[in-house]
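Architecture at a glance
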Amino acid sequence: MTDSIDNDWWRGAVLYQIYPRSYADANGDGMGDLRGIAAKLDHIASLGVDAIWISPFFKSPMKDFGYDVSDYCDVDPSFGNLHDFDALIVRAKELKLKVLIDLVLSHTSDQHPWFAESRKDKTNPKSDWYVWADAKPDGSPPNNWLSIFGGSAWAWDTRRCQYYLHNFLVEQPDLNFHNPAVRDALLAATKFWLDRGVDGFRLDTVNFYFHDRLLRDNPPAAIRDVPDIPASNPYSYQDHLYDKTQPENLGFLRDFRALLDQYPAITTVGEVGASLRGLEVMGEYTSGGDKLHMCYAFDLLGLKFGAQYVRARLEAYEHEVTEGWGCWAFSNHDVVRTVTRWGFADEREKAAPLLLALLVSLRGTACIYQGEELGLTEAQLAFEDLRDPYGIAFWPEMPSRDGCRTPMPWENSAGAGFSTAKPWLPIPDEHRALAVAVQEASETSVLHRAREILHWRKSVPALARGGIMFHDADEPVLSFSRSADGTTVLCVFNLSDTPQSFDASLLGTIAPLTGHGFASTLENETVHLPPFAAFYGLVI
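The residue numbers shown here count from 1 along each chain, following its written sequence. Confidence filtering applies because this is a predicted model: local features only for residues at pLDDT of at least 70, side-chain atom pairs given and counted only at 80 or more, and all residues used for totals across whole chains, interfaces and linings. To get the side-chain values, all heavy atoms of the structure are used, and hydrogens and water are removed first.

On to the overall build of the protein chain, then. Numbering goes from the N terminus for both helices and strands, where a helix is a DSSP run of H or I of at least four residues and a strand is a run of E of at least two. Secondary structure summary: the protein chain contains 15 helices and 21 strands in total. With the radius of gyration taken over C-alpha atoms, the globule rule is written as 2.2 Å times the number of residues to the power 0.38. Relative to the globule expectation of 24 Å for 540 residues, the C-alpha radius of gyration of the protein chain, 23 Å, shows essentially globular dimensions. Here the C-alpha coordinates of the protein chain stretch approximately 80 × 55 × 50 Å along the principal axes. Exposure classes here rest on a 1.4 Å probe applied to the protein chains alone. A residue is buried below 20% of its type maximum, exposed above 50%, and partly exposed in between. Burial status across the protein chain gives 60% buried among its 540 residues.

As structure tokens, this is what we get:
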């Protein structure tokens, strides 16, 4: 008898993001690879997560470390080959782990054969596969659009004597999604990986696919408070009405979903980047059951944090997204690590488990970035060690993304068990002291607490797929209930380093739940929370 297929397995699942260059190096060249990931899947499975998301490993000149793709249907030699990928899929399925991969569809590398042909002249078969435009009469760019990586979003090409659009690096030209042939080619590349057995996709910059055909100027921004764009970046000076998030994108997402629906139990997570309308776009892109399964924005990936802030963003999400399903993360490969970003580095042993418990208690799917199960702090690197082009361009006002991309520490040794060669980024001494092997030996470590929380969560279905209702509480206490199938679970979190309490008398009879490892108590209808502690109780 075979297990029935759960097409909704992703609802309330826990995803584990892997940055392949920094996870595990199997061939001893100082960079992580697919065989290294496969060798460490047991560690991931032991955490109690449901799936892995692997950041790009496609063939690439690595100007943006894989987010500049030169071949959508091949593995970059630095990561291995297609046989290595197939073997990884097999091992993951043995461990009952789903596999999602990162598709970068909005742009390619300038080394992609498509772009090499497109830039030859204005009449070749791929001449309009990218966004080309004539200069203004004075030779300046076609409009005022800006690149996230700094400066104009237009680069001059001397062969065509035209500008091409690049929302990111000059070496990352934007594809012209208005061309049906481009959309068909990208769907064919997606099918290639579906046929190899992937269980879904994380879609990079999913709101950047289409541009305004009329190339209209963006107006000035009335508000510059974009969660993932620092104030030092002029990108935040514009209201990006025309260079992204165009209505035509909805049609392509429907076509994309139609392809995915030909395969069982596939899911998608779309990244809505650099947008003040992030929650609204999440709602649009996940509505109707015919586009994306999930989206995430950067509302919980910025510097702002606190009980009232989290509540406000989650309630805003519930208001905007009435049909779809969210995906929440506190960290990823683009932002400063959580305990450092929110000022908890000195309390990481207590704060990291509490933040993980909060993340996996929110309504939606949770995504954990590699090293969060260890409570890693942000690595502080010297300028000469930086590799991130974005971080180098805006140094020192903006932290480089390299600080969260340093290699995963597996052992407290010179190479941290990551590689026998010099790693591509330095591994801080403080990370070696927090290595997996070190934390395995301590039953009170962040790693053991993370496993305890994640495995316990599986025993409480309401935390995975239930609805959510917030309760009034004073900062720094956050409280809400999750309800499903007649069961309601009260969740209370102390987001501070001092003891707190919560009056639960208005919620009815509460039976404390155990097994999650937090030492909170309930006395006379009052929840008592030690520093950085959570309380869970069954509402009777």
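On we go from here.
Among the secondary structure elements, S78 is positioned in the loop between β4 (71-75) and α3 (82-94). For this analysis, a polar contact is any N or O atom pair within 3.5 Å, provided that within protein one partner can donate a hydrogen and the other can accept it, and provided that sequence-adjacent residues contribute only side-chain to side-chain pairs. A polar atom in the side chain of S78 sits 2.6 Å from the side chain of D76. Here a residue-residue contact requires only that any non-hydrogen atoms of the pair lie within 4.5 Å. Apart from residues lying up to four places away in sequence, S78 is in contact with D29, M31, G32, D33 and M62.

Within the secondary structure layout, R401 lies in the loop between α11 (389-393) and α12 (429-432). Its relative accessible area of 9% is what places R401 among the buried residues. In this structure the side chain of R401 is engaged in a polar contact, spanning 3.0 Å, whose partner is the side chain of D334. One polar contact links R401 to D388, side chain to side chain, over a distance of 2.7 Å.

Attention shifts here to a nonpolar patch on the surface. To count toward a patch, a residue needs a relative accessible area over 30% and no salt bridge; like charges are then connected within 9 Å, while nonpolar side chains (Val, Leu, Ile, Met, Phe, Trp, Tyr) are connected within 5 Å. Per-residue and other accessible areas follow the Shrake-Rupley method at a 1.4 Å probe size, with only the shown protein chains counted as cover for residues. Salt bridges are defined as contacts in which a side-chain nitrogen from Lys or Arg sits within 4 Å of a carboxyl oxygen from Asp or Glu. Taken together, the side chains of F383, I392 and W395 define a hydrophobic patch exposed on the protein surface, amounting to about 280 Å² of accessible area. Mapped onto the secondary structure, I392 falls in helix α11.

To continue, consider the sheet that holds strand β7 (residues 154-157). In this analysis, strands are considered paired if DSSP registers two or more bridges between them. A sheet is described by the order of its strands in space; here three strands give the open sequence β6-β8-β7, paired in antiparallel fashion. Two strands lie at the open edges of the sheet, namely β6 (132-133) and β7, each paired on one side alone.

A few words now on the sheet that holds strand β13 (residues 365-369). Within a sheet, adjacent strands bond to each other through the backbone by hydrogen bonds, running parallel or antiparallel. Overall, parallel pairing links the eight strands, which are arranged β1-β2-β5-β9-β10-β11-β12-β13 in a closed barrel. The average angle at which neighbouring strand axes cross in this sheet is 25 degrees, direction not considered. Convention adopted: a line fitted to C-alpha atoms gives each axis, helices being fitted over their contacting stretch, and angles between N-to-C directions are expressed from 0 to 180 degrees.

For the bond running from W395 to P396, omega is 0 degrees, close enough to zero to count as cis. Backbone torsion omega between E475 and P476 reads 10 degrees, so that peptide bond is classified as cis. Structurally, the position occupied by P476 is in the loop between β14 (467-471) and β15 (477-484). Here K96, not a glycine, exhibits a phi torsion of approximately 60 degrees, which is positive.

Here we take up the pairing of strand β8 (residues 162-165). The side-chain alternation of β8 yields two buried faces, one formed by Q162 and Y164 and the other by Y163 and L165. Relative to β8, β6 runs antiparallel, the two being bridged by two bridges. In the strand pairing of β8, A133 is matched with Y163. Pairing between β7 and β8: four bridges, direction antiparallel. Its bridge partner lying in β8, D157 is registered against Q162. Hairpin connection between β7 and β8: a loop of four residues separates the two successive antiparallel strands, and C161 in this loop has a positive phi of roughly 55 degrees.

With that out of the way, let us pick up the environment of G466. Looking at the element boundaries, G466 is found in the loop between α15 (461-465) and β14. For G466, a relative accessible area of 0% translates into the label buried. The sequence separation of G466 and D25 amounts to 441 residues, and the corresponding C-alpha distance is 39 Å. When residues no more than four places from it in sequence are discounted, the contact partners of G466 are R363, P461, R482, S483 and A484.

What follows deals with the packing of helix α7 (residues 278-286) against helix α8 (residues 307-320). Where α7 meets α8, the closest approach of the two axes is 9 Å, and the angle between their N-to-C directions is 35 degrees. Judged by the twist between their axes, the crossing of α7 over α8 is right-handed. Each of L279, E280, M282 and G283 in α7 lies in contact with α8, whose residues at this interface are R313, A316, Y317 and E320. Less than a right angle of anticlockwise turn of the near helix away from the far helix marks a crossing as left-handed, whereas a clockwise turn marks it as right-handed.

A pair of aromatic rings is counted whenever rings of Phe, Tyr or Trp (Trp by its six-membered ring) have centres within 6.5 Å, and the orientation is called stacked for planes under 30 degrees apart, edge-to-face for over 60 and tilted otherwise. Taken as a whole and assessed by the stated rule, the structure comprises 39 aromatic pairs. Plain terms: the ring middles of F115 and Y130 are 4.9 Å apart, the flat faces sit at 80 degrees to each other, and that makes the pair edge-to-face. Placement of F115 in helix α4 (residues 113-118) and of Y130 in the loop between α4 and β6 is noted, with a sequence separation of 15 residues between them. Residue F115 is classed as buried on the basis of its relative accessible area of 0%. Residues F344 and F532 carry aromatic rings whose centres are separated by 5.3 Å and whose planes lie at 75 degrees to one another, so their mutual orientation is edge-to-face. Separated by 188 residues along the polypeptide, F344 in the loop between α9 (338-341) and α10 (348-359) and F532 in the loop between β20 (526-529) and β21 (534-539) bring together distant segments of the chain. Using a relative accessible area of 11% as the deciding quantity, one classes F344 as buried. Aromatic rings pair up to connect F177, F201, Y209, F210, F252 and F256 into one cluster. Above the plane of the ring of F518 lies R449, whose end atom (NZ or CZ) is 4.6 Å from the centre. Cation placement over rings: the criterion is NZ of Lys or CZ of Arg within 6 Å of the ring centroid and within 35° of the ring normal.

Along strand β5 (residues 98-103), five of the six residues are buried, which leaves the element largely enclosed by surrounding structure. Sheet topology note: the strand β2 (residues 51-54)/β5 ladder contains four bridges and is parallel. In the strand pairing of β5, W53 is matched with L100.

A few words now on α10. One fewer than the residue count of a helix, multiplied by 1.5 Å, yields its expected span. Taking 1.5 Å of rise per residue, the twelve residues of α10 would be expected to cover 16 Å, and the 16 Å separating its terminal C-alpha atoms lies within 8% of that figure. Across the twelve residues that make up α10, a large majority, ten, are buried.

On to the packing of helix α5 (residues 180-195) against helix α6 (residues 249-260), then. Pairs of packed helices are described in terms of their axes, by the angle between the two and the distance that separates them. Across the interface, α5 lies against α6 with an axial gap of 10 Å and an inter-helix angle of 30 degrees. Classified by the interaxial angle, the pair formed by α5 and α6 is roughly parallel. Here the hand of the crossing between α5 and α6 comes out right-handed. Residues R183, L187, T190, K191 and L194 of α5 form the contact with α6, whose own contacting residues are F252, D255, F256, L259 and L260. What sets the label is the angle itself: under 35 degrees gives roughly parallel, over 145 gives roughly antiparallel, 65 to 115 gives roughly perpendicular, and the rest give oblique.

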